[in-house]
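Structure at a glance
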Amino acid sequence: MLELDGKGPNASLRRLFAADSAVEFTASPQASFEGTLSDYDFIVLNEPQAIASGLAQQLHEWTMAGGSLLVLPPDETLPDGIGDLLSMLGAPSFDRWVKRPVRANAVDASSSLYRGVFGGTTDEMELPSVQGHYTLGAGVLQSIISSRDASLICRRIRIPMRRSCALSRSIASYLSCL
């Protein structure tokens, strides 16, 4: 797993994945990454800065080859190039920022994203909350985490021959319950 950081390392991602012996976790600043994307099965684009057309093309080719991408946009202001990247991937765009607290009321534990994560679920599970989120444009979406007001906190976007996922909120607060 590769975390490409736009604003700096994400402590929540590190806590979630770095200690997992099944995950080889690598973090790199987005601006100075010089590795090969094909060395990774899963990439997190964490609060990216401007996304150059060359990086967008590389990510497009990598997802076409079977890579899974998680895009975690920064709060309130989207970076240049993110719309172009999502368009290349056939994914819906991040639309407007909605600043209001939302608490999750359901997690789709049957999603393949959670395979092997939960031994079971109970009504007492502590679910995440966010202080704001992006709305997403039209597209085929699967709810992963939803709230009482029908906002989707986490959505999976299935793209034929590719796998991608996008959150409608920065993961830093999404994972604040960990």
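As the structure is a computational prediction, the values presented were derived from the model and not from experiment.

1. Description of the overall build of the protein chain
- A tally of regular secondary structure across the protein chain gives four helices and 11 strands.
- Summed over all atoms, the accessible surface of the protein chain reaches about 9200 Å², with 50% contributed by carbon and sulfur.

2. Here we look at unusual backbone geometry
- One non-glycine residue, Glu-47, lies in positive phi territory at about 45 degrees.
- Relative to the elements of secondary structure, Glu-47 occurs in the loop between β3 (42-46) and α2 (53-64).

3. Some thoughts on the environment of Trp-62
- Topologically, Trp-62 is positioned in helix α2.
- For Trp-62, a relative accessible area of 7% translates into the label buried.
- Between the C-alpha atoms of Trp-62 and Ser-38, which are 24 residues apart in sequence, the distance is 6.6 Å.
- Every residue in contact with Trp-62, bar those within four places of it in the chain, is listed here: Leu-37, Ser-38, Tyr-40, Asp-41, Phe-42, Ile-43, Gly-67, Ser-68 and Leu-69.
- Engagement of the side chain of Trp-62 in a polar contact is seen with the backbone oxygen of Tyr-40, the distance being 3.0 Å.

4. Some remarks on the nonpolar core
- Ranked by internal contacts, the top residues of the largest apolar core, which has 22 residues, are Ile-43, Leu-45, Ile-51, Leu-59, Leu-69, Leu-85 and Phe-94.
- When contributions to this core are tallied by element, the ones reaching two or more residues are β1 (2-5), β3, α2, β4 (68-72), α3 (82-89), β5 (94-98) and β8 (133-136).
- Every residue in contact with Ile-51, bar those within four places of it in the chain, is listed here: Gln-30, Leu-45, Ala-56, Asp-80, Gly-81, Ile-82 and Leu-85.
- Of all hydrophobic cores here, the second largest spans seven residues; its members include Met-1, Leu-13, Phe-25 and Val-44.

5. Section: the environment of Ile-43
- The residue Ile-43 is located in strand β3 in this model.
- Put simply, Ile-43 and Leu-2 are 41 residues apart on the chain and 4.7 Å apart in space, counted from C-alpha to C-alpha.
- Each residue touching Ile-43, except ones within four places of it in the same chain, is listed here: Leu-2, Leu-4, Leu-37, Leu-59, Trp-62, Ser-68, Leu-69 and Leu-70.

6. So, the confidence of the model for the protein chain
- This prediction gives the protein chain a mean pLDDT of 77; 74% of its residues lie at or above 70.
- Put simply, helix α4 (residues 171-174) is where the protein chain has its lowest mean pLDDT, 40, and β1 is where it has its highest, 93.
- The model gives residues 160-178 a pLDDT under 50, and that stretch makes 80 contacts with residues more than four places away or in other chains.

7. Details of the pairing of β4
- With respect to burial, β4 is a largely interior element, five of its five residues being buried.
- Judged by which residues are buried, β4 turns out to be covered on both faces: Ser-68, Leu-70 and Leu-72 on one side and Leu-69 and Val-71 on the other are all buried.
- A crossover connection joins β3 to the parallel β4 through α2; in handedness this β-α-β unit is right-handed.

8. Some words on the packing of aromatic side chains
- Enumeration over the complete set of coordinates arrives at two aromatic pairs.
- An angle of 55 degrees between the planes, with centres 5.6 Å apart, marks the rings of Phe-94 and Tyr-134 as tilted. With Phe-94 in strand β5 and Tyr-134 in strand β8, this residue pair connects regions lying 40 residues apart in the sequence.
- Plain terms: the ring middles of Trp-97 and Tyr-134 are 5.0 Å apart, the flat faces sit at 70 degrees to each other, and that makes the pair edge-to-face. Separated by 37 residues along the polypeptide, Trp-97 in strand β5 and Tyr-134 in strand β8 bring together distant segments of the chain.

9. Side note on the packing of α2 against α3
- It is at 10 Å that the axes of α2 and α3 come closest, and there the two elements cross at 25 degrees. Considering their axes alone, α2 and α3 lie roughly parallel with respect to each other. The chirality of how α2 crosses α3 is right-handed. Only Leu-85, Met-88 and Leu-89 of α3 make contact with α2, whose side of the interface consists of Ala-56, Gln-57, Leu-59, His-60 and Thr-63.

Cut-offs applied
- As a convention, each chain's residues are numbered from 1 in the sequence order in which they are written.
- This being a predicted model, a pLDDT of at least 70 is required before a residue's local features are given, and a value of 80 or more before pairs of side-chain atoms are given or counted; all residues contribute to the totals for chains, interfaces and linings.
- The basis for the side-chain values is all heavy atoms of the structure; hydrogens and waters are excluded.
- Helix and strand labels come from DSSP, where a helix needs a run of H or I of at least four residues and a strand needs a run of E of at least two; each type is numbered from the N terminus.
- Accessible surface is estimated by sampling points in the Shrake-Rupley manner with a 1.4 Å probe; for residues, cover comes only from the protein chains shown.
- Exposure is judged per residue with a 1.4 Å probe applied to protein chains only, and the accessible area is read against the type maximum: over 50% gives exposed, under 20% gives buried, and values in between give partly exposed.
- Should any heavy atoms of two residues lie within 4.5 Å, those residues are considered in contact.
- For this analysis, a polar contact is any N or O atom pair within 3.5 Å, provided that within protein one partner can donate a hydrogen and the other can accept it, and provided that sequence-adjacent residues contribute only side-chain to side-chain pairs.
- Each nonpolar core is a collection of buried residues, namely Ala, Val, Leu, Ile, Met, Phe, Trp, Tyr and Cys, held together in the definition by side-chain atoms within 4.5 Å.
- Looking at any residue, its pLDDT shows the predictor's confidence there, from 0 to 100.
- Here the term right-handed applies to a crossover when the path leading from its first strand over the helix to its second strand runs clockwise, the strands being oriented away from the viewer.
- Pairs were defined over the aromatic rings of Phe, Tyr and Trp, the Trp ring being its six-membered one, requiring ring centres within 6.5 Å. Orientation was assigned from the angle between planes: stacked under 30 degrees, edge-to-face over 60, tilted for the rest.
- Every angle, taken between N-to-C directions, lies between 0 and 180 degrees, and every axis is a line fitted to C-alpha atoms, over only the stretch in contact when it is a helix.
- We call two directions roughly parallel when the angle between them is under 35 degrees, roughly antiparallel when it is over 145, roughly perpendicular when it lies between 65 and 115, and oblique otherwise.
- Helix crossings fall into two classes, left-handed where the near helix is turned counterclockwise from the far one by less than a right angle and right-handed where it is turned clockwise.

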